[in-house]
Amino acid sequence: LDLVNALLVERGDTVIIEESSYGGMFGKLGRRGANIVGAPLDADGISVDALERILGDLSAKGITPKYVFTIPTVQNPTGSVMPVERREALLKLCAAHGVPIFEDECYADLVWSGGRPASLRGMDQTGSVIHIGSFSKNLAPALRLGYLVADWPVMSRILPLKGDAGTNALSQMVVAEYFGQHYDAHIAGLLPRLRAKAEAMVDAVAREFGTAAEFTAPQGGIFLWVRIPGVDTSKLFQAAAPDGVHFNPGAEWSWAGADAGDCLRLCFALPSEDEIHAGVAQLAEICRRETGIPARSGNVAH
């Protein structure tokens, strides 16, 4: 993320990002002084119709965005998977406006519901997609290893920007050796465990919050995006933290203009299923204590 931003984004430049996205990206763009424009999401990811209007409005002002940033497969934080038809439309639209696509696919191997669609980079015929991924989600966060795929005119300008004195070669060799022999088996064993934890999270939120919570069961990944109308989740976070209950408030994972103050992101990758059930129950009790939501009599399993 930092390398691509260092190459493409200067103070005052405009970038388009999904209105709810990886929280760290908003901070990175803010520190570079970028003008962030949020693009609405629906159940299939970034809305191409809305993006077309945004690009048209910017073009009328003489502004060409530096890129459109998207997480098409297991969108973070909503968990959606963009269908192939939507991907084709997105590629066509951005090509027509001469705007590159910056594609983050770090969760792409963690889809358990149906087949994984081809990446935008894999579908692109113009060389205008910059693709990044990570081993943090499918192997181990402590490795601190990711990868970037781009055409040479872009890659040749990115390489000189690396200022880390050389990425850990031993870690790279270990990952290459392990994944070269065991990757398919590793993912095949990982997906059922993540899916079971996701189901535990969905069941726990449904049971503890009932109709007070709105969410869509994820198709993959490690998190659940939940809306609790009437609850300021930033304030709820402050109330829950002293009790050892932590989550990502929606406002920290969303563009400033997005209506996500009543949303929260719950990660289920690390805790056990028992810990998930206990944690969600504790969160519901704290929420009830602080806001009156959910009403104790209103809980219904669904």
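For the structure, see preceding data.
Residues numbered from 1 in each chain as written. Predicted model: local features only at pLDDT ≥ 70, side-chain atom pairs only at ≥ 80, totals over all residues. Heavy atoms only, no water.

1. Thoughts on the packing of helix H8 (residues 233–240) against helix H9 (residues 273–291)
Next up, step 1: Axis separation between H8 and H9 bottoms out at 10 Å; the angle between their running directions is 110 degrees. With respect to their mutual orientation, H8 and H9 come out roughly perpendicular. Crossing geometry of H8 relative to H9 is assigned as right-handed. In this structure, H8 contributes Leu 236, Ala 239 and Ala 240 to the contact, and H9 contributes Leu 283, Ile 286, Cys 287, Arg 289 and Glu 290. (Axes fitted to C-alpha atoms, helices over the stretch in contact; angles between N-to-C directions. Helix = DSSP H or I, 4+ residues; strand = E, 2+ residues; numbered from the N terminus. Parallel < 35°, antiparallel > 145°, perpendicular 65-115°, else oblique. Left-handed = near helix turned anticlockwise from the far one by under 90°. Contact = heavy atoms within 4.5 Å.)

2. A few points about the state of the cysteines
Next up, step 1: For the coordinates displayed, the defined rule picks out 0 disulfides.
Next up, step 2: Cys 106 carries a free sulfur, and the closest cysteine sulfur to it, the one in Cys 267, is 12 Å from it.
Next up, step 3: Owing to a relative accessible area of 11%, Cys 106 belongs among the buried residues under this scheme. (Disulfide = S-S within 2.5 Å. Buried < 20%, exposed > 50% of the residue type's maximum accessible area, 1.4 Å probe, protein only.)

3. As for the side chain of Lys 28
Next up, step 1: Residue position: Lys 28 is located in helix H2 (residues 23–31).
Next up, step 2: Of the polar contacts made by the side chain of Lys 28, one reaches the side chain of Asp 2; its length is 3.0 Å.
Next up, step 3: In this view, Lys 28 contacts Leu 1, Asp 2 and Asn 5; residues no more than four positions away in its chain are not counted. (Polar contact = N/O pair within 3.5 Å; in protein donor to acceptor, adjacent residues only side chain to side chain.)

4. Digging into the nonpolar core
Next up, step 1: In this structure, Val 205 and Phe 209 are the most contacted members of the largest nonpolar core, which totals 45 residues.
Next up, step 2: Breaking this core down by element, the ones donating at least two residues are helix H7 (169–209), strand E10 (223–227), H8, strand E12 (263–267) and H9.
Next up, step 3: With 14 residues, the single largest contributor to this core is H7. (Core = buried A, V, L, I, M, F, W, Y, C linked by side-chain atoms within 4.5 Å.)

5. Some thoughts on empty space enclosed by the protein
Any empty space left between atoms is shown by rolling a water-sized probe over those atoms.
Next up, step 1: Under the criterion given, the structure shown has 1 cavity of 30 Å³ or more.
Next up, step 2: Approximately 30 Å³ is the volume found for the largest cavity.
Next up, step 3: Around the largest cavity, the lining residues are Val 205, Phe 209, Ala 213, Val 226, Ile 228, Leu 264, Leu 266, Val 280 and Leu 283.
Next up, step 4: Where the lining of the largest cavity is concerned, the elements lending two or more residues are H7, E12 and H9.
Next up, step 5: Along the lines of polarity and charge, the residues of the lining of the largest cavity split into 9 nonpolar, no polar and no charged. (1 Å grid on protein atoms, 1.4 Å probe; cavity = no way out; pocket = protein on both sides within 12 Å on 5 of 7 lines; lining within 4 Å. Points joined across faces, edges and corners; volume = space filled by probe spheres on them. Nonpolar A, V, L, I, M, F, W, Y, C, P; charged D, E, K, R; others polar.)

6. Some thoughts on the layout of surface pockets
Next up, step 1: Its volume calculated, the largest pocket comes out at about 1100 Å³.
Next up, step 2: What lines the largest pocket is a set of 34 residues, among which Leu 1, Gly 133, Leu 145, Gly 146 and Tyr 147 lie closest to the centre.
Next up, step 3: Elements represented by at least two residues in the lining of the largest pocket include exactly helix H1 (2–8), strand E7 (129–134), strand E8 (146–149), helix H6 (152–158) and H7.
Next up, step 4: Within the lining of the largest pocket, the residues separate by chemical class into 18 nonpolar, 8 polar and 8 charged.
Next up, step 5: Of the pockets and cavities examined, the second largest pocket occupies roughly 510 Å³.
Next up, step 6: If you trace the second largest pocket, you find 23 residues lining it, with Asp 42, Ala 43, Thr 78, Thr 216 and Trp 225 closest to the centre.
Next up, step 7: Looking at the lining of the second largest pocket, the elements that each hand over two or more residues are strand E3 (41–42), strand E9 (214–215) and E10.
Next up, step 8: The element best represented in the lining of the second largest pocket is E10, accounting for 5 residues.

Interpretation in functional terms is not warranted from these geometric data alone.
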